[in-house]
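# Fold and geometry: a report
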Amino acid sequence: MKSLRTTTIGSLALFLGLFVWACQSNTSNSTETKVSAATGAGQSAVSDNESAKDVVKVAVASPDHKTLVTAVQTANLVDVLSNAGPFTVFAPTDAAFNALPKGTVEDLLKEKNREKLTDILQYHVAVAGYPTEALTDGRILSMVNGGSATISNKDGVIMINDAKVVGTVKASNGIVHVIDKVILPK
């Protein structure tokens, strides 16, 4: 009886050893996604080049949204917008920011104006996924800053307040609607 028990324990130990070895093996036939994050950094620090881009990575990849990306970084909103969402971001182009009165963008990017910048940026975000077909005429969206924005949709031209939606990009955590004007909270 004792030898049967010893054999069973030995077999179990061998099986567990092989199982642990197999789990730790570096050889794999599957495609692996490399995901890493800096210690203590937020969601935005995750490096993942294989999954769909989140709303921040969509903006970063766009050559027409450099000012928006700088503003989001200055307002410390990168980690928030990198989270699961869903978010609908109305993303003004660089040309939209350039249309603001001279010196406005530079002034908003100053540390002392971070609260005002954050309020403006949050007025461009809704916590929900609104694809183009959901942007119906007369719809009122609740924006992250607590304000509301009105959609008009006439003859296929979609507007949010007085900004025209000129493009739409699906993201892993929501939707980015490119707009031709910076919308300002009331």
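Structure shown above.
Residues numbered from 1 in each chain as written. Predicted model: local features only at pLDDT ≥ 70, side-chain atom pairs only at ≥ 80, totals over all residues. Heavy atoms only, no water.

### Section: the sheet that holds strand β7 (residues 174-179)
Operational definition: Paired strands, as defined in this entry, are two strands with at least two bridges between them according to DSSP. Secondary structure is summarised from DSSP: a helix means a run of H or I of at least four residues, a strand means a run of E of at least two, and numbering begins at the N terminus for each.
Overall, mixed pairing links the seven strands, which are arranged β2-β1-β7-β6-β5-β4-β3 in an open sheet. With one partner strand each, in any of the chains shown, β2 (125-126) and β3 (140-142) form the two edges of the open sheet. Bridge analysis of strand β1 (residues 87-92) against β7 gives six bridges, and the strand direction is parallel. Its bridge partner being in β7, Thr88 is matched across the sheet by Ile175.

### What about the pattern of salt bridges?
Test applied: Take a side-chain nitrogen of Lys or Arg and a carboxyl oxygen of Asp or Glu: if they are within 4 Å of each other, that pair is a salt bridge. Relative accessibility decides the category of a residue: with a 1.4 Å probe and only protein chains considered, values under 20% of the type maximum give buried, values over 50% give exposed, and everything between is partly exposed.
Scanning the model with the defined rule gives five salt bridges in all. As a salt-bridge pair, Lys57 and Asp54 come within 4.0 Å of each other at their nearest N and O atoms. Note on Lys57: relative accessible area 27%, which makes it partly exposed. Here Glu111 and Arg114 are joined by a salt bridge, their closest N and O atoms 2.7 Å apart. Here Glu111 falls in the exposed class, since its relative accessible area comes to 56%. A residue is classified by how much of its surface remains accessible, and Arg114, at 27% relative accessible area, is partly exposed.

### What to know about the environment of Leu184
The cut-off we apply is this: Residue contacts are defined here by distance: any two heavy atoms, one from each residue, within 4.5 Å place the two residues in contact.
Structurally, the position occupied by Leu184 is in the segment after β7. Residue class for Leu184 comes out partly exposed when judged on its relative accessible area of 47%. Here the alpha-carbon distance between Leu184 and Tyr123, two residues 61 residues apart in the chain, equals 7.1 Å. If sequence neighbours within four positions are ignored, Leu184 has contacts with Ile120 and Tyr123.

### Quick notes on unusual backbone geometry
In most cases, non-glycine residues show a negative phi, while peptide bonds are predominantly trans. Omega for the peptide link from Gly85 to Pro86 comes to 15°, which places this bond in the cis form. Relative to the helices and strands, Pro86 resides in the loop between α4 (78-82) and β1. At Asn76, a residue that is not glycine, the phi angle is positive and equals roughly 55°. Locating Asn76 in the fold gives a position in the loop between α3 (66-74) and α4.

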